[in-house]
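Analysis of the macromolecular model
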Amino acid sequence: MHPIEILTRFWPQLLDGALMTLKLTFLGALLAGLVAPMFALIRVGARPAAQLPLRIYISFMRGTPLLAQLFLVFYGSGQFRPQLEAIGLWGFFRDPFNCALLVFAVNSTAYQTEILRGGIQGVNPGEIEAARAIGMSRWQVLRRVVFPHAYRIAWPALGNEIILLMKASAIASVVTVFDIMGRTRQIFSKTFDFSVYLWAAVLYLCITAIFIWLWRLAEARLSRHIGARERGVGNVQGGLQT
Amino acid sequence: MMKTTLLSVLAAGALAIGLAAPANAEKLVIGTEGAYPPFNFVQTDGTIAGFDVDIGLALCKQIGAECTVVAQDWDGIIPGLLAKKYDMIIASMFITEERKKQVDFSAPYYKAAMTHVVPKDSAITEFTPEALKGKVIGAQSGTTQAEYIQATYPDADIRLYPTQDEVNLDLASGRIDLQGGDMLPMLDWTTKSADGACCKLAGEPITDPKFVGEGVGIAVRKEDGDLRERLNKALDEIRANGTYKTINDKYFPIDVYTMK
């Protein structure tokens, strides 16, 4: 079959898959983004003993393949159905999308925590001191000085993490979630035509390109208080790469 | 010194010519899936065994070829054949019109039917599009049963898995309400394995030739018509000399060639 014919025949399925990929990636990244700042503060400030559970969690998440984590949660939860039913959680774990979302969020939280920790530690101590000196409360210092600055430092790395998560979301197809990869494999098993993988790659590329563009706009906005001359210096800390 | 080198070169050359000569065994590679007991599965020592493999090796012996068996994921099994990673697929592959566009098939080496499988305590007794509306149905992707449930139950929630083992796992855990599977592996799974004890076959066997085709055949590349003819002849021979029956009886209580 001609590659164009594959596209004209199967584009609704591929588009459907793209929406699923976007939903999975951005919900996962968002959930992780809500938890990571709190974890990052613990990693920066808490006593070593209090950090221990968090450090074990982070090493586990960063040290094992996402695929293994997904299998563990998806097929593992199936083995504990009676127990999960007893506490009313089976309804959640029964759905493959929920399992995948949970794994992605928990995995990304670990990475985002470490990225933000680096960002927070990169904030100039003098700025925090100055904020204290003019009488800001602890919470005000965090909200007005530490986090805005930490996010600006961590922004390119956070973008990379989300792109990696988006590409990793292709493995959700092995637990029957119909994302881009799931749809692609379904179409391939019908047509045995490799060009559908090409279209899948193009789709991923488009999503990534649009995401990078949006992320750069946000980066510019986060850095708007810095003059053009200094911004050049700030960017030395790392541009967004795929 | 020079002499021995020359001699060994000559010897090696002779060996190479000898291997290419028809007197020596022709070398063929069989592609199978390795995740479809009892037809093809990977044993604890890593080798691949099963009904498909035994039949394949018996046919090889009959045509005088030396065969090795390799495992290949189902979704890529036909592209793998076309890419010459192996010379034939013996992996319980139903002969269908869609597949015939890509490959040629031998005569069927066993007949096949599909079935529904449900948990033993399931309330599902009817298998109509209306009765299964909204139910979660599982199947292995790229198979005839996946085609069948997608075509027959458009309003059901259909989940497609990479291997049959994973469909079985999720039926046992209750994540799916029922599955469509091949009759014989499902019979084997529900009666012989521990986790399959959860479930039972249900409804009438599915024998619609639109989906199960003429039976299960060996797939070869379209240009290998000669190999296909020799396999067909060998199949008749092992049917006649009792080899087929010996292999059949090792795995099944019924003759799967006729399904009687």
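Structure's up top.
So, here is what we can say about the structure in this document. From a predicted model like this one, the values you see are computed outputs, not experimental measurements.

1. A short note on the packing of aromatic side chains
Residues and elements named next belong to chain A. Under the defined criterion, the tally for this structure stands at 23 aromatic pairs over all chains. Aromatic side chains Phe-39 and Tyr-57 sit 6.1 Å apart centroid to centroid with 75° between the ring planes, which places their arrangement in the edge-to-face category. With Phe-39 in helix H1 (residues 3-45) and Tyr-57 in helix H2 (residues 48-63), the pair connects residues that are 18 residues apart, well separated along the chain. Seen in terms of ring centroids, Phe-71 and Tyr-75 are 5.4 Å apart; in terms of plane orientation they differ by 75°. Their pairing is edge-to-face. Of this pair, Phe-71 and Tyr-75 both sit in helix H3 (residues 66-79), four residues apart, roughly one helical turn. With relative accessibility at 29%, the residue Phe-71 sits in the partly exposed group.

2. Digging into the environment of B:Ala83
Turning to its location among the elements, B:Ala83 is positioned in the loop between helix H3 (77-82) and strand S6 (88-94). Looking at B:Ala83, the relative accessible area reads 52%, which means it is exposed.

3. A few points about unusual backbone geometry
All names here are of chain B. Cis rather than trans, the peptide bond between Pro-37 and Pro-38 has omega equal to 0°. Note on placement: Pro-38 falls in the loop between strand S2 (35-36) and strand S3 (40-42). Despite not being glycine, Ser-92 shows a phi value in the positive range, around 55°. Mapped onto the elements, Ser-92 comes out in strand S6.

4. Section: the pairing of strand S13 (residues 216-220) of chain B
Residues and elements named next belong to chain B. Most of S13 is tucked away, with five of its five residues classed as buried. In terms of strand pairing, strand S7 (residues 104-105) meets S13 through two bridges, oriented antiparallel. Paired with Asp-104 across the two strands is Val-220, which belongs to S13.

5. Remarks on the packing of helix H9 (residues 180-191) of chain A against helix H10 (residues 195-222) of chain A
All names here are of chain A. Where H9 contacts H10, the two axes come as close as 9 Å, and the packing angle between them is 165°. On the basis of the axis angle, H9 is roughly antiparallel to H10. The two elements H9 and H10 cross, and the hand of that crossing is right-handed. Across the interface between the two elements, Ile-180, Met-181, Thr-184, Arg-185, Ile-187 and Phe-188 from H9 touch Val-196, Tyr-197, Ala-200, Leu-203, Tyr-204 and Ile-207 from H10. The residue inventory of the contact of H9 with H10, partitioned by class, reads 10 nonpolar, one polar and one charged.

6. What to know about H3(A)
Compared with an ideal rise of 1.5 Å per residue, which puts 14 residues at 20 Å, H3(A) spans 20 Å between its outermost C-alpha atoms and is within 8% of the ideal. For H3(A), the full list of buried residues reads A:Leu66, A:Gln69, A:Leu70, A:Phe74, A:Tyr75, A:Ser77 and A:Gly78.

7. Focus on the state of the cysteines
Tallying each qualifying case throughout the model produces two disulfides over all chains. One disulfide bridge connects B:Cys60 with B:Cys67, the sulfur atoms lying 1.9 Å from each other. Residues B:Cys60 and B:Cys67 are joined by a disulfide whose S-S torsion is about -85°; by sign, that bridge is left-handed. B:Cys67 carries the same exposure label as B:Cys60, and that label is buried. Ordering the disulfide-forming cysteines of chain B by sequence position, one finds them joined as 1-2, 3-4. Considering cysteine sulfurs only, B:Cys198 is the nearest to A:Cys99, which forms no disulfide, with 19 Å between them. For A:Cys99, a relative accessible area of 0% translates into the label buried.

Conventions used here
- Residues numbered from 1 in each chain as written.
- Chains lettered and ligands numbered in written order.
- Predicted model: local features only at pLDDT ≥ 70, side-chain atom pairs only at ≥ 80, totals over all residues.
- Heavy atoms only, no water.
- Phe/Tyr/Trp six-rings, centres within 6.5 Å; stacked < 30°, edge-to-face > 60°.
- Helix = DSSP H or I, 4+ residues; strand = E, 2+ residues; numbered from the N terminus.
- Buried < 20%, exposed > 50% of the residue type's maximum accessible area, 1.4 Å probe, protein only.
- Pairing = 2+ DSSP bridges.
- Axes fitted to C-alpha atoms, helices over the stretch in contact; angles between N-to-C directions.
- Parallel < 35°, antiparallel > 145°, perpendicular 65-115°, else oblique.
- Left-handed = near helix turned anticlockwise from the far one by under 90°.
- Contact = heavy atoms within 4.5 Å.
- Nonpolar A, V, L, I, M, F, W, Y, C, P; charged D, E, K, R; others polar.
- Expected span 1.5 Å × (residues − 1).
- Disulfide = S-S within 2.5 Å.

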